[in-house]
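# Summary of the model geometry
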Amino acid sequence: MRFAMFSAAVSTVLVGAAVAFGAGSAAAADPVVQPDRIGLQLSHAETRVVADGPIPAVITMFVPLNRIGVGLKADTGIYKDENGGVHASLRQAIMEAANHPDGTITLYLNAPGTRNGRVLDMYQNWN
């Protein structure tokens, strides 16, 4: 029950922040629900707003970097080591997607004890 309330609160904050920081009232993040996590698929405009705003810094204030997963596109410019470690900040990974004309991100809040202990996953999307 706590996970559901926390997840709803995080989703509300992310959508509210996107609108408040300039994505506009026409923008609306699409919710994504899976059995072990919930998330938001952001539009390009919302991705740019998140990349340029305080949300990545606020997230990393509360979620340790080793509990954040980042799904990089194959043509990323971000360095990923042989163990799968991403050598970039959350903001850099979001900004890379935002800098593509059709770039978006999907953010997931994972249920406790799932996804190898990761709390948050972020995936880059572009063509």
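Figured I'd write up the structure that's included with this text. (Residues numbered from 1 in each chain as written. Predicted model: local features only at pLDDT ≥ 70, side-chain atom pairs only at ≥ 80, totals over all residues. Heavy atoms only, no water.)

### Quick notes on the nonpolar core
- Ranked by size, the top nonpolar core spans 22 residues in total, and within it L42, I59, I68, L90, I94, I105 and M122 carry the most contacts.
- For this core, the element with the highest residue contribution is helix α4 (residues 90-98), accounting for 5 residues.
- When residues no more than four places from it in sequence are discounted, the contact partners of I94 are T47, V50, A51, P56, I105 and M122. (Core = buried A, V, L, I, M, F, W, Y, C linked by side-chain atoms within 4.5 Å. Buried < 20%, exposed > 50% of the residue type's maximum accessible area, 1.4 Å probe, protein only. Helix = DSSP H or I, 4+ residues; strand = E, 2+ residues; numbered from the N terminus. Contact = heavy atoms within 4.5 Å.)

### Here's the deal with the layout of surface pockets
- Roughly 170 Å³ of internal volume is contained in the second largest pocket.
- Lining of the second largest pocket is provided by L65, I68, G69, V70, K80, G84, G85, V86, A88, S89 and L90.
- A total of 3 residues in the lining of the second largest pocket trace back to one element, the largest contributor, which is strand β3 (residues 68-71).
- For the lining of the second largest pocket, the class distribution of residues is 6 nonpolar, 4 polar and 1 charged. (1 Å grid on protein atoms, 1.4 Å probe; cavity = no way out; pocket = protein on both sides within 12 Å on 5 of 7 lines; lining within 4 Å. Points joined across faces, edges and corners; volume = space filled by probe spheres on them. Nonpolar A, V, L, I, M, F, W, Y, C, P; charged D, E, K, R; others polar.)

### Topic: a nonpolar patch on the surface
- A contiguous nonpolar surface patch, about 370 Å² in accessible area, is contributed by V58, M61 and F62.
- Along the chain, V58 falls in helix α3 (residues 55-62). (Patch = residues over 30% accessible without salt bridge, like charges linked within 9 Å, V, L, I, M, F, W, Y side chains within 5 Å. Areas by Shrake-Rupley, 256 points an atom, 1.4 Å probe, with all protein chains shown as cover. Salt bridge = Lys/Arg side-chain N within 4 Å of Asp/Glu carboxyl O.)

### Quick look at the packing of aromatic side chains
- Under the counting rule described, the total for this entry stands at 1 aromatic pair.
- Judged by centre distance (5.8 Å) and plane angle (80 degrees), the ring pair of Y108 and Y123 falls under edge-to-face. Here Y108 is found in strand β4 (residues 104-110), whereas its partner Y123 is found in strand β5 (residues 120-125), with 15 residues between them in sequence.
- The buried category is assigned to Y108, whose relative accessible area is 8%. (Phe/Tyr/Trp six-rings, centres within 6.5 Å; stacked < 30°, edge-to-face > 60°.)

### With respect to the pairing of strand β1 (residues 30-34)
- Relative to strand β2 (residues 37-41), β1 runs antiparallel, the two sharing 5 bridges. Its bridge partner lying in β2, V33 is registered against I38.
- Taken together, β1 and the strand that follows it, β2, pair antiparallel across an intervening segment of 2 residues. (Pairing = 2+ DSSP bridges.)

### Examining the side chain of D36
- Tracing the chain through its elements places D36 in the loop between β1 and β2.
- For D36, the side chain forms a polar contact with the side chain of R115, separated by 3.0 Å. (Polar contact = N/O pair within 3.5 Å; in protein donor to acceptor, adjacent residues only side chain to side chain.)

### Some details on the packing of α3 against α4
- Relative orientation of the contacting elements α3 and α4 amounts to 145 degrees, with a least axis distance of 9 Å. Both α3 and α4 take part in a crossing whose hand is right-handed. Across from P56, A57, I59 and T60 in α3, the residues of α4 making contact are L90, R91 and I94.
- Class assignment for the residues of the contact of α3 with α4 results in 5 nonpolar, 1 polar and 1 charged. (Axes fitted to C-alpha atoms, helices over the stretch in contact; angles between N-to-C directions. Left-handed = near helix turned anticlockwise from the far one by under 90°.)

### Here we look at the pattern of salt bridges
- This model, assessed by the stated rule, comprises 3 salt bridges.
- In this structure, the salt-bridge partner of D36 is R115, at a minimum N-O distance of 3.0 Å. Of this pair, D36 sits in the loop between β1 and β2 while R115 is found in the loop between β4 and β5, placing the two residues 79 residues apart along the sequence.
- Exposure remark for R115: the relative accessible area of 26% places this residue in the partly exposed category.
- For R118, the salt bridge identified is with D121, shortest N-O distance 2.5 Å.
- On the accessibility criterion, R118 (22% relative accessible area) is partly exposed.
- Overlapping salt bridges bring together R37, R118 and D121 as one network.

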